[in-house]
Amino acid sequence: MRMNPWPAVLLPVVLTVAACDKAEPNAATNQMATLTAPTVDVPYETFTLDNGLTVVVHEDHKTPIVAINVWYHVGSKNEPEGRSGFAHLFEHLMFQGTENFKGEFFEPFERVGATDQNGTTNEDRTNYFENVPSPALDMALWMESDRMGHFIGSVTQELLDEQRGVVKNEKRQGLNQPYGEAWQIIGSYTYPKGHPYSHSVIGSMEDINAASLDDVKQWFDTWYGPSNAVIALAGDVTMDEAKEKVELYFGDIPPGPPVERPAEWVAKMEGPTRLAIEDEVPQARLYKVWNVPPYLAADERRLELVSNLLTSGKTSRLYERLVYQDELTTDAVSFVASAEIGSQFFIYATARKGIDLADVEAAIDEELARLTTEGPTEDELQRAKMAYFSSGVYSSERIGGFGGKSDLLASSQIYGGSPDAWVTGDAIIRNATSADLKATMTEWLDDGVFSLEVLPPETYDGTSPYASTPKRSDTVENGMEGPQLVKEARDREFAANREGADRTKLPDTGTPPDLTLPPLQRATLGNGLQIVLAERHEAPVVRAQMVLTGGGGADPKGLSGLANLTMRMLDEGTETRDALAISRELQRLGASVSSSANLDHCFVSLSTLATTLEPSLELYSEIALRPSFADAELDRQRTAVLARIDQEKASPTSSAFRLLGPLMFGDDHAYGVPLTGSGTIEGVQAITRDDLVQYHQTWFRPDQATLVVVGDTTLATLMPKLEKTFGSWTAPSEAAPERNVGVVKPASEAKIYTIAKPNSEQTMLVGGLLLPPRKEIDVPLELVNGVLGGQFSARLNMNLREDKHWAYGAYSFIVSTANQRVLGLFAPVQTDKTAEGLFEMQKELVQIAGKRPPTADEVNVLKDNLTLALPGENETGAELLSSLVEIVVNDLPDDYWNSYVSEVRGTTLEEVSKAATDLVRADQTTWIAVGDLERIAKPVAKLGIAEIQAPPKP
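These numbers come from a predicted model, not from an experiment. (Residues numbered from 1 in each chain as written. Predicted model: local features only at pLDDT ≥ 70, side-chain atom pairs only at ≥ 80, totals over all residues. Heavy atoms only, no water.)

**Considerations on the overall build of the chain**
Basically, it comes down to this: Helix numbering and strand numbering both begin at the N terminus, where a helix is a DSSP run of H or I of at least 4 residues and a strand a DSSP run of E of at least 2. With C-alpha atoms as the basis for the radius of gyration, the globule rule is written as 2.2 Å multiplied by the number of residues raised to the power 0.38. Whether a residue is buried, partly exposed or exposed follows from its accessible area with a 1.4 Å probe, protein chains only, as a fraction of its type maximum: under 20%, in between, or over 50%, in that order. Residue contacts follow a heavy-atom distance rule, with two residues in contact if any of their heavy atoms lie within 4.5 Å. Note that accessible areas follow from Shrake-Rupley with a 1.4 Å probe, and for residues the cover is restricted to the protein chains shown. In this tally, Lys and Arg are treated as positive and Asp and Glu as negative; His is ignored, and so are the chain termini. For charged residues, the charge sits on one atom: NZ in Lys, CZ in Arg, CG in Asp, CD in Glu.
Check the secondary structure of the chain and you find 33 helices and 25 strands. Scaling as 2.2 N^0.38, a compact globule of 954 residues should have a C-alpha radius of gyration of about 30 Å, and the chain matches this with 27 Å. Dimensions of the chain, computed from C-alpha atoms along their principal axes, come out at roughly 80 × 70 × 65 Å. The buried share of the chain, reckoned over its 954 residues, is 63%. Taking as baseline every contact in the chain between residues at least 6 positions apart, the subset at least 24 positions apart corresponds to 84%. Accessible surface for the chain amounts to roughly 34,700 Å². Of this, 49% is attributable to carbon and sulfur atoms. Each charge class in the chain was averaged separately, 84 positive and 138 negative side chains, and the resulting centres sit 3 Å apart.

Shown next as C-alpha cells:
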C-alpha cells in the first residue's frame, strides 16, 4: 500500500550467487557437501481473548523495538461478484483515520520513529504491520484496535472517492510497467468461472468504480472483527505485557459473525492452453503457469525445492540451459505463488533479441521432462536444501516486515491453524528425496499448463493462433459456477468485554529508548586494508562489505557502464574456478556474494553463516581479488546488460533517471552518466576484457579499501582469517587517477524534457535540482527533503495522492555523492492530470522556499522520526552494516549515529528554513515527463514553466 520513497532504479544492483547443478562435486568440495542445513527456532506463546482474537507472542530483546503484525483472514477471494478489487480498496481506507483519530494513520507512527510500516492485500488475507520503539507499544495497539473496533463511522463518500482514485492510479501504475498486463490477466486464463482466484487482487476499473458506502460497511461488519484476526507481537515485549495490553485495547471489540470461506479448489488444468498479447516491451517473454496444491500441502512444499533446482542460481537447471548453455534468454525465473485454497507454479523467461519463444519453450519443456524423469542428484538436493534453510537463518534476524518472525507466525496461524505450522512445512522440505520430487513433478507439472507470450509490437502481428484462446473464467468447471463454501467452526461462543481503553486520547509514548549500537573496532592489515568490525551475536550470521573507491563516476570517456560490468564479472570465474563452480561452493556453504557500484564506490559483499566463515572468506577474497574476466562470460554479461538497458528504457521511471545525470551534470562530468548505473549501449558495446582488467587493477587496491564486518565473530577470531585471505593483496605503485567531480553551475532556468511512451495511461514526472556536498550541509537539508517529500505524510504525497488522488505516490529524495548531490522528485500521475500534476510539484518547490516554509510542527515530527527510528533501522546485521558503510563512504566519525541524534535535535527551524530558501530553487529545476506526448505536450507547454525540449540520447 505504501510506496518506498527511494526509486528502485537508484539502488545498487545486487548480483547474488547461490546455485545448484547436476554436476558431481570434485574432491575439494566433497567435504562441503556434508554440511548440515541449519535450523531456525522461533519460540512463541499464544492466547485467545474472549472475543476470539488470537494473539501470538515472540520475545526478542536484542533491540528496544516491537513488531505488531495484524492479519485479517480476508482477501480478494472473498469478494462478491461485481466487486473485484474491493478487499484492496478497503485496505487503503483503513489508513485514513478512525472515529477517534482524525487524520492520516501514519502520522502518530512517524512521530515515534516507526519502521517497516505498511499494509498489504492478497487473495487470502489483509495485513497491517509496523515496528515501533518499545515505549510506543501502547500507542500502536491503541491505533490498531481503534481501526478494528472504531473505524466504520469515519468513512464518508468523499473518503471513499479519494481512495478509489488512489487505487485506480495504483492499477494504472502497474499496467504502465513493462509486462504489467500479464499479471493482471493470468488468473482469468487459469481459473474457471466462479473460482475465487479468477480475478486479480487489484480488480477491474468497473468494479472499483461500483463500490459503495454500503459495500464498505458490510465488508467491515463481516470480515474485520477480532474473531477473524490474528495479532503477532515480536520483539522487546513479554507475554505478561502482551496479555495486559492486548486485553485492554482489543478486549471490548465485538467478535464479529461466523463466516463462510471457500473450500480448497486447486482447479488443475488439463492439456495446454495458450495466449499471446502485445506489450510495449523490448524483449519477448514466455510465462508458463500450473495450478498446484495449497500452501503447506506436502507437494506444494516440495515444489519450493523444485523451483530452487530450476532457477536458483547459475547452475540451476533452467538458468544454466537457457542463459549459459544455449544463450536463448537473459533470465530464467520460477516460483510458487502459495495461496490458501490452491497455489500456482510459475516459470518465466525473457528471450534474447532475435530468439523465437518457441525455442525457449522447447528448452524449458526438455529440462522439466529431464528433471521429472531423472530427479535431482544427491548433491543438487543437498545444496538446494542448504540454500533454503540458510535463507531462513538470515530472515530470522528480523522481527517484523515482510518475511520477519511476526510475519511468519501470523501467516502460519492463518494458513496452518497454528503459529508453528511452518515447522511442519520445513520438515517436508528437509526430508524430501529425489523420488519425492519426481513424483510431485509428475503429478503437477506434467500436464495442465497455461502458456502466455508477451510480444513487442514489432513481432506481434495480431494473427497469433493463441490470441483467440477464451478466458478460463468464462467457462464453467464440473457444473460449478461458484466455490464450495465451508462455514467457520467455533469451539466456543465469543463475547466482548464491557469496558475498554480510554478512546479520548492516544496513550503516552513514554521515554524513547537510547540508540545503542555496538562499538566500532578498527584494525589494519599489513597491506593497508582497513578493517571495521561491529559484533552482533544474536544470530549465527556474519556479513561483510568491502568498500572501494571508483564507481560509475570513474568510467572512462566512451566506456559508460564499465564499473557496473566489472562488478557483474567478479563472480563469473576466477583464476581457479569457473562461474558454476563458484555457485556450487557458495550454496554448499549457505553463503552469498554480491557486487555493485554507485557513482563513487564499488562494493563487494558477503553473507555467511558463522559456522562457515573461514571457507566463505577464502572464496570471497578469490572472487574479489582474482577474477578471470573470461571472454565468453564477458559476452554473456554484456548481452545481459544491454538487455537491462533496453528494459530500463521501456520503464517510465528508469528511463527518466537514465537522463537525469547527463542533464544535470553534463557529459564530461563524472556524474553525467545514467543514474541507473548500467551505462549506455555504445559504452557497454565498446568494453573489452582489457578494459575490465585495467579498471580492476586501477581501483581494487588495499590502501584505498575498507572491509566492514558485522556479526557473530570477534576481532581476535577475524583478523587471522583476514590476514590469510587478504594479506597478500598488494597495491599498485602508481596513485589512483583523479575523477572529474568538480562543481557544476546550477541551471540558469527551469527546463522540461519529454520522453515518448505512446498510449500510456500515466505520466512519470521526474525533477532534479543540484545540491551542495554533504560536508557543506547535512541535517538541515535532510529535514527540508523530509518536509517536501521524504516520507508518506510529506507535502508532495499529501498533495498529489491524498488530496488530489492523481498519483499512487509522490516523493523526493537526495542522491548522495562524494560532491554535489541531486534533489530528486518523482510522481506517476494519470495522463489527463499531467500538466496539473507538474504545476503542483513546481508549486510545492516554490512554496517551501518562500511563502510556505517548513513549519515547526513539520520539522519536529521529522526530528522525532529520524532519531527515534534509528534502533529499528539498525535491527538486523544487514541494516547495521549499511549504517557503518555510510560512515565509511562519507568519511564520518565513528560515533556519527550517536552524535546524529543530538545534531538533529539541535537543528533550528531557522536553519531548516534557510536551507529551503537558499537551495530549493524551482527556477533551476530540470523536469522530465515520460508519457503519451500527443496528449500531454500541449497542456504542459501552456503552463509556461519552461519550453519543452527533446532529450539527448539516453
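Moving on from the model shown.
**So, the pairing of strand 18 (residues 601-609)**
The line we're drawing: Two strands are counted as paired when DSSP detects at least two bridges linking them.
Burial of strand 18 is extensive: nine of the nine residues sit out of reach of the surface. Neither face of strand 18 is exposed, since H601, F603, S605, S607 and L609 on one face and C602, V604, L606 and T608 on the opposite face are all buried. Judged from the nine bridges that link them, strand 16 (residues 541-549) and strand 18 form a sheet pairing that is antiparallel. Residue R543 lies in a different strand from strand 18, and its bridge partner there is S607. Where strand 17 (residues 592-597) hands over to strand 18, the hairpin turn is made up of three residues, counted between the paired strands.

**Here's the deal with the packing of aromatic side chains**
Note the threshold: Note on aromatic pairs: the rings of Phe, Tyr and Trp (six-membered ring only in Trp) are paired at centre separations within 6.5 Å, and the planes decide the class, stacked below 30 degrees, edge-to-face beyond 60, tilted for the rest. By definition, being over a ring means that NZ of Lys or CZ of Arg is both within 6 Å of the ring centre and within 35 degrees of the ring normal.
This structure, assessed with the given rule, holds 39 aromatic pairs. Residues Y811 and F826 carry aromatic rings whose centres are separated by 6.3 Å and whose planes lie at 35° to one another, so their mutual orientation is tilted. Of this pair, Y811 sits in strand 22 (residues 811-815) while F826 sits in strand 23 (residues 821-830), placing them 15 residues apart in sequence. Of the two residues, Y811 and F826, both sit in the buried class. Geometry around W71 places R125 over its ring, the cationic atom sitting 4.7 Å from the centre. Against the face of W444 rests K268, its NZ or CZ located 5.2 Å from the ring centre.

**Things to note about the nonpolar core**
Note the cut-off: We call a set of buried Ala, Val, Leu, Ile, Met, Phe, Trp, Tyr and Cys residues a nonpolar core when their side-chain atoms join them within 4.5 Å.
If you look at the biggest cluster of nonpolar residues, it comprises 86 residues, and the most contacted ones within it are L53, F90, Y224, V246, F250 and I928. Beyond its immediate stretch of four places on either side in the chain, L53 contacts F47, T48, M148, P226, S227, A229, V230, I231, V246 and F250. Membership of the second largest hydrophobic core comes to 63 residues, among which are A810, M841, V888 and W927.

**Comments concerning the sheet that holds strand 25 (residues 948-949)**
To keep things clear, this is the line we draw: Only the stretch in contact is used when fitting a helix axis, every axis being a line fitted to C-alpha atoms; angles between N-to-C directions are given from 0 to 180 degrees.
As summarised here, the arrangement of the six strands in space is 22-23-21-24-20-25, forming an open sheet in which the pairing is mixed. Only two strands of the sheet have a single neighbouring strand rather than two, namely strand 22 and strand 25. Examined bridge by bridge, strand 22 and strand 23 share five bridges and lie antiparallel to one another. Bridging from a neighbouring strand, V815 pairs with V822 of strand 23. Along the sheet, helix 25 (residues 779-788) contacts strand 21 (762-771), strand 22 and strand 23; its crossing angle with strand 22, the most-contacted strand, is approximately 155°.

**Let's talk about helix 16 (residues 434-444)**
Heads up, the condition is: Relevant arc is that of directions from the helix axis to the C-beta atoms, nothing else.
Along helix 16, the positions that sit buried rather than exposed are S434, L437, T440, M441 and W444. The buried side chains of helix 16 occupy one side of the element, clustering within an arc of 125° when seen end-on. On its buried face, helix 16 sits against strand 9 (285-292), helix 10 (298-311), helix 12 (357-374) and helix 13 (378-395).

**Quick word on the pattern of salt bridges**
To keep things clear, this is the line we draw: For this document, the term salt bridge refers to a Lys or Arg side-chain nitrogen within 4 Å of an Asp or Glu carboxyl oxygen.
Under the definition given, this model contains 58 salt bridges. Residue R164 pairs with D161 through a salt bridge whose shortest N-O separation is 2.9 Å. Of the two residues, R164 and D161 both sit in helix 5 (residues 157-175), three residues apart, roughly one turn of that helix. Classification of D161 as partly exposed rests on a relative accessible area of 35%. The residue K353 makes a salt bridge to D646 at a minimum N-O spacing of 2.9 Å. Of this pair, K353 sits in the loop between strand 11 (343-350) and helix 12 while D646 sits in helix 20 (residues 631-650), and the two are 293 residues apart along the sequence. We classify D646 as buried; its relative accessible area is 16%.

**Observations concerning the environment of L35**
Within the secondary structure, L35 sits in the loop between helix 1 (27-30) and strand 1 (45-48). Residue L35 is classed as partly exposed on the basis of its relative accessible area of 33%. It is 9.2 Å that separates the C-alpha atoms of L35 and G590, two residues lying 555 residues apart in sequence. Beyond its immediate stretch of four places on either side in the chain, L35 contacts M386, R588, L589 and T612.

**Points about the sheet that holds strand 15 (residues 530-535)**
With mixed pairing, six strands are arranged side by side in an open sheet as 14-15-19-16-18-17. Both outer strands of the open sheet, strand 14 (521-524) and strand 17, are each paired with one neighbouring strand and no more. Looking at each pair of strands side by side, their axes are set apart by 15° on average, direction ignored. As paired strands, strand 14 and strand 15 are joined by four bridges and run antiparallel to one another. Paired with R522 across the bridge in strand 15 is V532. Running over the sheet, helix 13 touches strand 16 and strand 18 and is turned about 105° from strand 18.

**With respect to the packing of helix 18 (residues 579-589) against helix 19 (residues 613-625)**
Selection criterion: In these notes the angle categories are as follows: under 35 degrees is roughly parallel, over 145 is roughly antiparallel, 65 to 115 is roughly perpendicular, and the rest is oblique. Crossings are sorted by hand: turned counterclockwise from the far helix by less than a right angle, the near helix makes the crossing left-handed, and turned clockwise it makes it right-handed. Polar here means any residue other than Ala, Val, Leu, Ile, Met, Phe, Trp, Tyr, Cys and Pro, which are nonpolar, and Asp, Glu, Lys and Arg, which are charged; Gly is therefore polar.
Between helix 18 and helix 19, the shortest axis-to-axis distance is 10 Å and the interhelical angle comes to 150°. Comparing their axes, helix 19 and helix 18 come out roughly antiparallel. When the axes of helix 18 and helix 19 are compared, the crossing they make is left-handed. Contact with helix 18, carried on its side by I582, E585, L586 and L589, involves P615, S616, L619 and I623 of helix 19 and no other residues of that element. Split into classes, the residues belonging to the contact of helix 18 with helix 19 amount to six nonpolar, one polar and one charged.

**A closer look at the packing of helix 25 against helix 27 (residues 834-848)**
Following both chains from N to C, one finds helix 25 and helix 27 inclined at 140°, their axes separated by 11 Å at the closest point. Accordingly, the angle class assigned to the pair helix 25 and helix 27 is oblique. Note that helix 25 runs across helix 27; the crossing there is right-handed. Residue-level inspection shows V784, V787 and L788 of helix 25 in contact with helix 27, the latter providing E844, L845 and I848. Residue composition of the contact of helix 25 with helix 27, by class: five nonpolar, no polar and one charged.

**Re the side chain of Q762**
Note the cut-off: Under this definition, polar contacts are N or O atom pairs within 3.5 Å; protein pairs additionally need one hydrogen-donor-capable and one acceptor-capable atom, and for neighbouring residues in sequence, both atoms have to be side-chain atoms.
For Q762, the location among the structural elements is in strand 21. A relative accessible area of 1% places Q762 in the buried class. Separated by 3.0 Å, the side chain of Q762 and the backbone oxygen of N169 make a polar contact. Only 3.3 Å separates the side chain of Q762 from the backbone nitrogen of Q173, close enough to count as a polar contact. The contact partners of Q762, leaving out residues within four places of it in the chain, are N169, R172, Q173, N176, P828, V829, Q830, T831, V930 and G931.

**Side note on helix 18**
Burial within helix 18 is extensive, with eleven of its eleven residues counted as buried. Residues of helix 18 that are buried include every one of A579, L580, A581, I582, S583, R584, E585, L586, Q587, R588 and L589, and no others. G590 occupies a position one or two residues after helix 18 and carries a positive phi of about 65°.

**A few points about unusual backbone geometry**
If a residue is not glycine, its phi is most likely negative; likewise, a peptide bond is most likely trans. Phi is positive for F629, which is not a glycine, with a value near 50°. What makes F629 buried here is its relative accessible area of 3%. Phi is positive for N759, close to 65°, though the residue is something other than glycine. Relative to the helices and strands, N759 is located in the loop between strand 20 (751-756) and strand 21.

**Quick word on the pairing of strand 5 (residues 126-133)**
In summary, the side chains of a regular strand alternate between the two faces of the sheet. Summarising burial for strand 5: eight of the eight residues are buried, a large majority. As judged from the eight bridges shared by strand 3 (residues 65-72) and strand 5, these two strands associate in the antiparallel manner. The partner of I68 across the bridge, within strand 5, is E130. Examined bridge by bridge, strand 4 (residues 115-121) and strand 5 share five bridges and lie antiparallel to one another. Residue pairing across strands places T121 opposite T126, the latter belonging to strand 5. Hairpin connection from strand 4 to strand 5: four residues lie between these consecutive antiparallel strands.

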